[in-house]
Amino acid sequence: MTVYAVYNIKGGVGKTTSTVNLSYLSARQNDPTLIWDLDPQAGTSFYLGVKPKVKGGGRGLLENRHDLDVLLRMTGYPNLDLLPADLSYRHFDTLLSEQRKPLEGIKRVLKPLRKEYENIFLDCPPGLTLLSESIFEVADVLLVPLIPTTLSLRAYNRLVRFLSKQEHKKMLLLPFFNLVNLNKPIHKVVSQTVPSKHAIFCRHFIEESNLIEAMGVKRAPVTSFAKGTPDATRYEELWNEVQNRYKNHTKWLGKNS
Ligand SMILES: Nc1ncnc2c1ncn2[C@@H]1O[C@H](COP(=O)(O)OP(=O)(O)OP(=O)(O)O)[C@@H](O)[C@H]1O
Ligand SMILES: [Mg+2]
């Protein structure tokens with residue numbers, strides 16, 4: 001099982017949109033895939049047409065009160081399930097802090113699912129909180145969508161500084177640009193020069209697009225309702241790059257462990 005956390009300190013950068021499209025592509029290649037919509041805003045649950053309600057809420061999950069199989073929802077897409085959002089997730093930090101080992105909380109919830117799913121995506125709320133730290137404990141890959149602006153890069157640098165002080169050596173950090181508007185000089189320069197100078201950045205990026213914005217009306221991944229369009233193809237290229245990077249990373253970890 002590989003856990004992909006789609007995360008950024010900043011809000012509105014495309015975490016939810018990316019989660020829905022990349023997880024759909026994972027499921028489409030026949031990998032049993034689960035998304036956990038960790039954000040009480042419930043964007044992923046909305047996009048996938050699932051009611052944002054979890055019996056027992058965040059506390060019930062952390063205390064293992066209900067069988068997870070009862071809480072998981074099918075999305076209507078083969079191989080793609082969802083653990084929905086719940087309004088109670090807004091208290092996740094408090095709930096985690098009441099646990100004996102707060103940082104292990106999210107990892108413990110996911111443990112029984114290890115055998116069932118090949119890939120698990122976490123749609124994370126913005127912020128740098130106890131919940132975020134608990135997510136860093138379980139994530140194999142931290143996918144960070146970024147808008148190519150200076151403020152966005154500053155926030156990313158703060159994240160890198162924070163992570164460098166922690167023990168997350170095995171986690172692969174993968175930033176990529178989203179909402180790129182190539183008509184804007186700053187977007188054009190940043191999205192092209194940063195990945196060529198800093199190998200950590202994904203080479204593929206997602207452009208700002210009306211089709212992607214229309215996901216809110218279609219309530220479906222653009223990779224599904226607009227398959228074959230340049231926007232869907234960009235997500236496919238990004239997903240291929242992400243998987244290759246992770247494959248190389250695990251090889252490297254194998255050699256250096
Ligand atoms: N590539 C894109 N092109 C056009 N619109 C996009 C693109 N990516 C995201 N959006 C739009 O930007 C808005 C924010 O996207 P999204 O909800 O995915 O961000 P988020 O990081 O999950 O936000 P939050 O921090 O609030 O959870 C949404 O209206 C979405 O439709
Ligand atoms: Mg979101």
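What counts and how
For every chain, the first residue of its written sequence is number 1, and the numbers climb from 1 along that sequence. Key to labels: chains lettered from A, ligands numbered from 1, both in the order written. Local features in a predicted model are, by the rule used here, given only for residues with pLDDT of at least 70; side-chain atom pairs are given and counted only at 80 or more, and totals for whole chains, interfaces and linings are based on all residues. Calculation of side-chain values draws on the structure's entire complement of heavy atoms; hydrogens and water are dropped beforehand. Here a residue is near a molecule or strand as soon as one of its heavy atoms is found within 4 Å of it. Any N or O atom pair separated by 3.5 Å or less is treated as a polar contact, with the protein-specific requirement of one donor-capable and one acceptor-capable atom, and with residues adjacent in sequence counted only for side-chain atom pairs. Only the protein chains shown count as cover for residues, and all accessible areas are computed by the Shrake-Rupley method using a 1.4 Å probe. We count a stretch as a helix when DSSP gives it H or I for four or more residues in a row; a strand needs E for two or more, and each element gets its number in order from the N terminus. UniProt positions are given in the numbering used here, feature names are shortened, and annotations may be inferred rather than shown by experiment. We call Phe, Tyr and Trp rings a pair once their centres come within 6.5 Å, taking the six-membered ring for Trp, and we label the pair stacked below 30 degrees between planes, edge-to-face above 60, and tilted otherwise. The classification of residues rests on relative accessible area computed with a 1.4 Å probe and restricted to protein chains. Under 20% of the type maximum is buried, over 50% is exposed, and intermediate values are partly exposed. Note on criteria: charge over ring means Lys NZ or Arg CZ within 6 Å of the ring centre, with the direction from the centre no more than 35 degrees off the ring normal.

In the nomenclature of an unreviewed UniProt entry, the protein chain corresponds to Cobyrinic acid a,c-diamide synthase from the organism Magnetococcus marinus.

It is worth spelling out the site of ligand 1 at this point. Taken together, 19 residues sit near ligand 1, with Lys 15, Thr 16, Thr 17, Asn 178 and Ser 209 positioned nearest. Side-chain polar atom of Gln 41 to an oxygen atom of ligand 1: 3.1 Å apart, as the coordinates give it. Here ligand 1 has 630 Å² of accessible area as a free molecule, and 82% of this is covered by the chains. Mapped by element, the contributors of at least two residues to the shell around ligand 1 are helix H1 (15-28) and helix H10 (210-213). Sort the elements by how many residues they give to the shell around ligand 1 and H1 lands first, with three residues.

The UniProt record annotates "domain: AAA" (unreviewed entry) at residues 1-167. Between the end C-alpha atoms of residues 1-167 the distance is 21 Å, and the span holds 39% helix and 16% strand.

Moving on: the packing of aromatic side chains. Going through the model one piece at a time under the given rule, you end up with 13 aromatic pairs. Ring geometry for Tyr 4 versus Phe 121: centroids 5.0 Å apart, planes at 15°, classification stacked. With Tyr 4 in strand E1 (residues 2-6) and Phe 121 in strand E5 (residues 119-123), this residue pair connects regions lying 117 residues apart in the sequence. Judged by relative accessible area, Tyr 4 falls into the buried class, the value being 3%. The class for Phe 121 is buried, based on a relative accessible area of 0%. When the ring of Tyr 4 is compared with that of Trp 239, the centres are 5.4 Å apart and the planes differ by 65°; the resulting orientation is edge-to-face. With a gap of 235 residues between them, Tyr 4 in strand E1 and Trp 239 in helix H13 (residues 230-256) connect regions that are remote in the sequence. Among the aromatic side chains, those forming a connected cluster through ring pairs are Tyr 4, Phe 121, Trp 239 and Tyr 246. The positively charged end of Arg 219 is found above the aromatic ring belonging to Phe 46, 4.1 Å away from the centroid.

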